[in-house]
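Here's the letter readout for the chains.
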Amino acid sequence: MGNMKLTLKVWRQNGPNDKGRIVDYPVNDVSEDMSFLEMLDVLNDDLVRKGEDPIAFDHDCREGICGMCSLFINGEAHGPGRGITTCQLHMRKFKDGDTIYVEPWRSTAFPVIKDLATNRSAFDRIQAAGGFVSVNTSGNLVDGNAVPIPKDDADKAFDAATCIGCGACVATCPNGSAMLFTAAKVSQLSLLPQGKPEAKRRALAMVEQMDKEGFGNCSNTGACEVECPKGISLEHIARLNREYLAAVVTQE
Ligand code: SF4
Ligand code: FES
C-alpha cells in the first residue's frame, strides 16, 4: 500500500488557445512501486469520482517503446533519472512530502492540445519528408545478410533507430531544436547501403521540413543528448550536418 503524500502542481490548459495555469492537487497513498503514470491514474480516478475534469496526458505502451509519454517533471524532460521515459519513472525517485511540478513539453512546434498532451505531428511530417527508402523491401529479395555492412556502421544505424520520437530533445533544448530527432532518422538510413540512393534528397527534404515546422536552430548545447531516454548521440547531428552540406554543394 501507498505511504507517500505528495503535492502535485499540474499544468491545466483547456485547449491550444487557453492561457493555462498551474493547479495544486494533493495526492495521498502513493506507493513507491507505482510508475509516475500510475500515480497520475490514481489522481485522475479521484478527480472523476469527484465529478472534476481528469488531467489529459499522452501514453500508450507504458514500457519505453512508443514515445507517447512526454512530461516535464520538476523542470526535466521525463523527470529525474537518465535513460528512461516518463512511463518508466517510478515514485521511489521521490520522497514523502515532495512537491512535484508537472508540465507539458514547451515548444512552438508542439502546441498544447489539452493539459499535458501536445501535438507532435511536426515529427511525423519531418519523417514523411524523407525518412524512408524506396528500394524494394518485399517480394523477391536478396537475404539481408548477403549485403555486407561494416559492423561499426550497422551498430551506429541501430543506435540511431532506437529513437522513439518522444520529443524530449526538443523540449529540453533552449532553442527548441529538433536536430537530434532529425539526425537520428537520417543516420539510421544513411549509414546503410539501402539508404544511400536517396541520401541527398532525404537530408535536404527533412531539414527543410524541420525548418518549416518552426523548430529552432541547434547551437550545440548538448542538452538534448543528456535528456534523451534512448541515449541518441550528438555524433548523429554531426553526421546530419555533413550529409546536408554534401547535398547542398552537389545540388543540381
Ligand atoms: S532523439 Fe531521443 S529525445 Fe529526441 S525524439 Fe528521439 S528518443 Fe526522444
Ligand atoms: S508510454 Fe510508450 S514510451 Fe512511455
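Here the structure is a predicted model, which means the values were calculated and not measured.

1. Quick look at the overall build of the protein chain
Phase 1: Of regular secondary structure, the protein chain possesses 8 helices and 7 strands.
Phase 2: With the C-alpha coordinates aligned to their principal axes, the bounding extent of the protein chain is approximately 60 × 40 × 35 Å.
Phase 3: Across the 252 residues in the protein chain, those meeting the buried criterion constitute 37%.
Phase 4: Long-range contacts, defined as pairs at least 24 residues apart, comprise 71% of the intrachain contacts of the protein chain with a sequence gap of at least 6.

2. Thoughts on the sheet that holds strand β3 (residues 72-73)
Two pairing modes exist for strands in a sheet, parallel and antiparallel, and in both the strands are linked by backbone hydrogen bonds.
Phase 1: Read from one edge of the open sheet, 5 strands run β2-β1-β5-β3-β4, paired in mixed fashion. Edge strands, defined here as strands with exactly one partner in the open sheet, are β2 (21-30) and β4 (76-77).
Phase 2: The pairing of strand β1 (residues 4-12) with β2 spans 8 bridges and is antiparallel. Residue pairing in the sheet places methionine 4 in a bridge with valine 30 of β2.

3. Some details on helix α2 (residues 121-130)
Phase 1: When α2 is considered as a whole, its buried residues turn out to be Ala122, Phe123, Ile126, Ala129 and Gly130. The arc enclosing the buried residues of α2, seen along the axis, measures out at 120°, which places them on a common side.
Phase 2: As for α2, its buried residues are in contact with α5 (179-190) and α6 (199-212).

4. Some words on the site of ligand 1
Phase 1: Close to ligand 1 lie 14 residues; Cys163, Cys166, Ala168, Cys169 and Cys228 are nearest.
Phase 2: When residues of the shell around ligand 1 are traced back to their parent elements, those giving at least two are α4 (168-172) and α5.
Phase 3: Element by element, the count of residues in the shell around ligand 1 is highest for α5, at 3 residues.
Phase 4: Looking at the shell around ligand 1, its residues break down into 11 nonpolar, 2 polar and 1 charged.

5. Remarks on the packing of α5 against α6
The axes of two packed helices give the description: the angle between them and the distance between them.
Phase 1: Remark: α5 packs on α6, axes separated minimally by 11 Å, with the N-to-C direction vectors making an angle of 170°. As far as their axial angle goes, α6 and α5 are roughly antiparallel. Residue-level contacts link Thr182, Lys185, Val186, Leu189 and Ser190 of α5 to Ala199, Arg202, Ala203, Met206, Val207 and Met210 of α6.
Phase 2: The class makeup of the residues in the contact of α5 with α6 is 7 nonpolar, 2 polar and 2 charged.

6. Remarks on unusual backbone geometry
Phase 1: Here asparagine 74, not a glycine, exhibits a phi torsion of approximately 50°, which is positive.
Phase 2: Inspection of the secondary structure puts asparagine 74 in the loop between β3 and β4.
Phase 3: A positive phi angle, near 50°, is found at aspartate 115, a position not held by glycine.
Phase 4: Locating aspartate 115 in the fold gives a position in the loop between β6 (112-114) and β7 (117-118).

7. With respect to the environment of asparagine 3
Phase 1: Here asparagine 3 lies in the segment before β1.
Phase 2: Considered as a pair, asparagine 3 and leucine 189 are 186 residues apart in the sequence and their alpha carbons are 48 Å apart.

8. So, the environment of isoleucine 149
Phase 1: Within the secondary structure layout, isoleucine 149 lies in the loop between α2 and α3 (151-161).
Phase 2: In this structure isoleucine 149 comes out as partly exposed when scored by C-beta crowding, with 15 C-beta atoms within 10 Å.
Phase 3: Residues isoleucine 149 and histidine 236, 87 residues apart in the sequence, show an inter-C-alpha distance of 18 Å.
Phase 4: Aside from chain neighbours lying at most four places away, what touches isoleucine 149 is Ala154, Leu192 and Pro193.

9. Points about the domain arrangement of the protein chain
Phase 1: By domain assignment, the protein chain separates into domain 1 (4-114) and domain 2 (121-249).
Phase 2: In this structure, domain 1 and domain 2 have C-alpha centres spaced 29 Å apart.
Phase 3: At the junction of the two partners, domain 1 supplies 18 residues and domain 2 supplies 16 residues.
Phase 4: Of the residues contributing to the side of domain 1 that touches domain 2, the split by class is 8 nonpolar, 8 polar and 2 charged.

10. Some details on α6
Phase 1: Taking 1.5 Å per residue, 14 residues should reach 20 Å; α6 reaches 20 Å between its end C-alpha atoms and fits that length.
Phase 2: Here α6 has its buried residues at Arg202, Ala203, Met206, Val207, Gln209 and Met210. When α6 is viewed along its axis, its buried side chains cluster within an angular range of 160° and face the same direction.
Phase 3: Tucked into the core, α6 has its buried residues touching α2, α5 and α8 (235-249).
Phase 4: Phi turns positive, to about 90°, at glycine 214, one or two residues after α6.

Rules and cut-offs
Residues numbered from 1 in each chain as written. Chains lettered and ligands numbered in written order. Predicted model: local features only at pLDDT ≥ 70, side-chain atom pairs only at ≥ 80, totals over all residues. Helix = DSSP H or I, 4+ residues; strand = E, 2+ residues; numbered from the N terminus. Buried ≥ 20, exposed ≤ 12 C-beta atoms within 10 Å, placed from the backbone. Contact = placed C-beta atoms within 7 Å. Pairing = 2+ DSSP bridges. Arc of directions from axis to C-beta. Near = placed C-beta within 6 Å. Nonpolar A, V, L, I, M, F, W, Y, C, P; charged D, E, K, R; others polar. Axes fitted to C-alpha atoms, helices over the stretch in contact; angles between N-to-C directions. Parallel < 35°, antiparallel > 145°, perpendicular 65-115°, else oblique. Domains from an automatic or database assignment. Expected span 1.5 Å × (residues − 1).

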